[in-house]
Amino acid sequence: MRWGDMDAYGHINNVQLVRILEEARIAAFGPPGGTGLPGLEPVVPLFSEVPAGILALVVEHRIRYVRTLEYRNIPALVQLWIGAVKGASFDIHYLVQDPVTGEDCVKASSHLAFVDEATGRAVRLTPEQKAKLEQFTAH
């Protein structure tokens, strides 16, 4: 959480919470190949290993604000897991918690697909990509 993420009500703004989800997603699965400079290896190098010309795009977000996330000068806790893995898309689920109390603040999911940049068409997940994702599915 950043000081500037607060809104006039003193809690983390809903738009900033979507950015927190994005940061958690990139930390877990890596930035798209060819972006930024090398840093920490992601837990699951999924996005960073996608071939050039293939984009990892968010198709949909669903967000439920359970309680306000108040600003603290320490990171919020974000848990991620994989939901449905389909032929050309998959779901990432998030739980954002207060870092001190552990209370649930946000429950969310993102539906993502790999898309061919030139054609705009969805690209099927490879067996290797599915295997990486399925390690983190909730059973």
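You'll find the structure just up there.
These lines cover the structure that appears in this document, whether it is placed above or below. (Residues numbered from 1 in each chain as written. Predicted model: local features only at pLDDT ≥ 70, side-chain atom pairs only at ≥ 80, totals over all residues. Heavy atoms only, no water.)

Relative to the assigned elements, S109 resides in strand 4 (residues 104–116). Discounting residues that sit within four places of it in the chain, S109 has contacts with E60, H61, R62, I92, H93 and Y94. (Helix = DSSP H or I, 4+ residues; strand = E, 2+ residues; numbered from the N terminus. Contact = heavy atoms within 4.5 Å.)

Attention now goes to the layout of surface pockets. Here the largest pocket defines a volume of roughly 300 Å³. Considering the residues around the largest pocket, the lining is formed by 15 residues, among which M1, R19, I20, E23 and A24 are closest to the centre. Contributing elements (two or more residues each) for the lining of the largest pocket: helix 1 (14–29) and strand 2 (77–85). Ranked by the residues each element gives to the lining of the largest pocket, the list is headed by helix 1, at 8 residues. Counted by class, the lining of the largest pocket contains 9 nonpolar, 1 polar and 5 charged residues. (1 Å grid on protein atoms, 1.4 Å probe; cavity = no way out; pocket = protein on both sides within 12 Å on 5 of 7 lines; lining within 4 Å. Points joined across faces, edges and corners; volume = space filled by probe spheres on them. Nonpolar A, V, L, I, M, F, W, Y, C, P; charged D, E, K, R; others polar.)

Moving on: the environment of L57. With respect to the secondary-structure elements, L57 resides in strand 1 (residues 54–65). Sequence separation between L57 and S89 is 32 residues; the distance between their C-alpha atoms is 9.6 Å. Not counting chain neighbours up to four residues away, the residues in contact with L57 comprise H111, L112, A113 and V115.

Structurally, W81 is set in strand 2. Residue class for W81 comes out partly exposed when judged on its relative accessible area of 31%. Taking the C-alpha atoms as reference, W81 lies 8.5 Å from D91; in sequence the two are 10 residues apart. Beyond its immediate sequence surroundings of up to four residues, W81 is in contact with D91, I92, H93, Y94, L95, F136 and A138. (Buried < 20%, exposed > 50% of the residue type's maximum accessible area, 1.4 Å probe, protein only.)

Within the secondary structure, S110 is located in strand 4. Here H61 takes part through its side chain, which lies 2.9 Å from a polar atom of the side chain of S110. A polar atom in the side chain of S110 sits 2.9 Å from the side chain of Y94. Leave out the neighbours within four places in its chain, and S110 touches R25, E60, H61, F90, D91, I92 and Y94. (Polar contact = N/O pair within 3.5 Å; in protein donor to acceptor, adjacent residues only side chain to side chain.)

This next bit is on the packing of aromatic side chains. As enumerated under the stated definition, the model contains 3 aromatic pairs in all. Ring geometry for F90 against F114: centres 6.0 Å apart, planes inclined by 50 degrees, an arrangement best described as tilted. Residue F90 is found in strand 3 (residues 89–97), and its partner F114 is found in strand 4; the two are separated by 24 residues along the sequence. Pairwise contacts between aromatic rings join F29, F47, F90 and F114 into one cluster. (Phe/Tyr/Trp six-rings, centres within 6.5 Å; stacked < 30°, edge-to-face > 60°.)

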